[in-house]
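Spelled out from the first residue to the last, the chains are:
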Amino acid sequence: IYTLSLHDALPIYKSDIYNEHMSKPADDQMKTGQNAGTRGRVMKAQHAKITDKARSATTQGAAPMNISKTKLEELYLKMAQTRRFEETAARLFTEGKVHGTAHFCIGEEATGVGVCSALAKEDLIAQTHRGHNQAIGKGMSIDLMMAEFLGKESGYCHGRGGCMHIADWSSGSLGANGIVGGGIPIAVGAAFAQHYRQLDAITACFFGDGASNQGAFHEALNLASVWKLPILFVCVNNYYAMSTHLG
């Protein structure tokens, strides 16, 4: 089981509050008052602090990673695409153009994109209900994802799945799951099929730390261990259980 902590991930953008404030003309910045300026400076300082911590974590006690510039640009592009996709989706949701609910992974872009970058095309993933980064990381089409999000017939699941049930077998996606921890036993079943068929492939199972108290989590890990299945359990340690901060 591999745990990804967001506190150790390098942010790809500064705070939205900081960006919004600093993108305004100088006169408008002054009109927003002292509070907005203070928040911008605080967020900028927090960004620098987190960035320094992330860089320190990657240089202390870790083997150097030889990643090409082309690969780094690809990773950055997919993270940026995830952020812009979700910002657009959030705006459409607030405008009432989305049926049902919506869950976003803003701030978690690196977890899904980073893991999926190490997977082969034939490998499978089981996504969480905040799995847009995982889907984009695995190579799914942003256009088809947005169409599905808006309930259009041209979407991946013909508009029936929506935000939390986007799936695409051709990309190796077993689908997202609206049930917390619901994708864990599905991923174990997929890994069992790979093992049974003697395929040279694995399944990456994403779940949040809030899902680790589900019975299916413990049962699935036990079965995967006993049967020695080709599965990677990825815990996105975002300190959330569904939508409630654990702190």
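Note that the structure is predicted; figures quoted are calculated from it, not measured. (Residues numbered from 1 in each chain as written. Predicted model: local features only at pLDDT ≥ 70, side-chain atom pairs only at ≥ 80, totals over all residues. Heavy atoms only, no water.)

Draft legend 1. Region of interest: the nonpolar core. In this structure, Met140, Met145, Met146 and Phe149 are the most contacted members of the largest nonpolar core, which totals 16 residues. Among the elements of the structure, helix H4 (69-94), helix H6 (132-137) and helix H7 (142-149) are those that each provide at least two residues to this core. When neighbours within four sequence positions are excluded, Met140 is seen to be in contact with Gln127, Ala135, Met145, Tyr156, Ile166, Ala167, Asp168, Ser171 and Ser173. Membership of the second largest hydrophobic core comes to 15 residues, among which are Ile184, Ala220, Ala224 and Phe233. (Core = buried A, V, L, I, M, F, W, Y, C linked by side-chain atoms within 4.5 Å. Buried < 20%, exposed > 50% of the residue type's maximum accessible area, 1.4 Å probe, protein only. Helix = DSSP H or I, 4+ residues; strand = E, 2+ residues; numbered from the N terminus. Contact = heavy atoms within 4.5 Å.)

Draft legend 2. Quick look at the side chain of Ser171. With respect to the helices, strands and loops of the structure, Ser171 is situated in the loop between H7 and helix H8 (183-196). Accessibility expressed as a relative area gives 11% for Ser171, which makes it buried. Within the structure, the side chain of Ser171 is placed 2.3 Å from the side chain of Asp168, a separation counted as a polar contact. Excluding residues within four positions of it along the chain, Ser171 makes contact with Lys138, Gly139, Met140 and Tyr156. (Polar contact = N/O pair within 3.5 Å; in protein donor to acceptor, adjacent residues only side chain to side chain.)

Draft legend 3. Broad picture of unusual backbone geometry. Positive phi values are uncommon outside glycine, yet Gln198 reaches one of about 55°. The residue Gln198 is located in the loop between H8 and strand S3 (203-208) in this model. When its relative accessible area of 73% is taken as the criterion, Gln198 is described as exposed. A positive phi angle, near 55°, is found at Lys228, a position not held by glycine.

Draft legend 4. Geometry of the environment of Ala224. Here Ala224 shows up in helix H9 (residues 215-226). Residue classification places Ala224 among the buried positions, given a relative accessible area of 8%. The sequence separation of Ala224 and Phe192 amounts to 32 residues, and the corresponding C-alpha distance is 8.1 Å.

Draft legend 5. The arrangement of H4 in detail. Here H4 is 26 residues long and its end C-alpha atoms lie 38 Å apart, about the 38 Å a rise of 1.5 Å per residue gives. Of all the positions in H4, only Leu75, Lys78, Met79, Ala80, Thr82, Arg83, Phe85, Glu86, Ala89 and Leu92 are classed as buried. Looking one or two residues beyond H4, the residue adopting positive phi is Gly96, at roughly 75°. (Expected span 1.5 Å × (residues − 1).)

Draft legend 6. Region of interest: the pairing of S3. Within S3, 6 of the 6 residues are buried, leaving the element largely enclosed by the surrounding structure. Judged by which residues are buried, S3 turns out to be covered on both faces: Thr203, Cys205 and Phe207 on one side and Ala204, Phe206 and Gly208 on the other are all buried. Sheet topology places strand S2 (residues 124-126) next to S3; 3 bridges connect them, and they run parallel. For Ile125, the partnering residue across the bridge sits in S3 and is Ala204. Inspection of the sheet shows S3 paired to strand S4 (residues 231-237) by 6 bridges, in the parallel sense. Within S4, the residue paired with Phe206 across the bridge is Val234. Taken together, S3, H9 and S4 form a β-α-β motif whose crossover is right-handed. (Pairing = 2+ DSSP bridges. Right-handed = clockwise from strand over helix to strand, strands pointing away.)

Draft legend 7. Structural detail: H7. Residues of H7 that are buried include every one of Met145, Met146, Ala147, Glu148 and Phe149, and no others. For H7, the secondary structure elements touched by its buried residues are H4 and H6. Capping the start of H7 is the job of one residue whose side-chain oxygen sits 3.3 Å from the backbone nitrogen of Asp143: Ser141. One or two positions beyond H7, positive phi appears at Gly151, with a value near 75°.

Draft legend 8. Focus on the packing of H4 against H7. Packing of H4 against H7 leaves a shortest axis separation of 11 Å and a crossing angle of 20°. Viewed along their axes, H4 and H7 adopt a mutual orientation that is roughly parallel. Handedness of the crossing formed by H4 with H7: right-handed. Only Ile142, Met145, Met146 and Phe149 of H7 make contact with H4, whose side of the interface consists of Gln81, Phe85, Thr88, Ala89 and Leu92. (Axes fitted to C-alpha atoms, helices over the stretch in contact; angles between N-to-C directions. Parallel < 35°, antiparallel > 145°, perpendicular 65-115°, else oblique. Left-handed = near helix turned anticlockwise from the far one by under 90°.)

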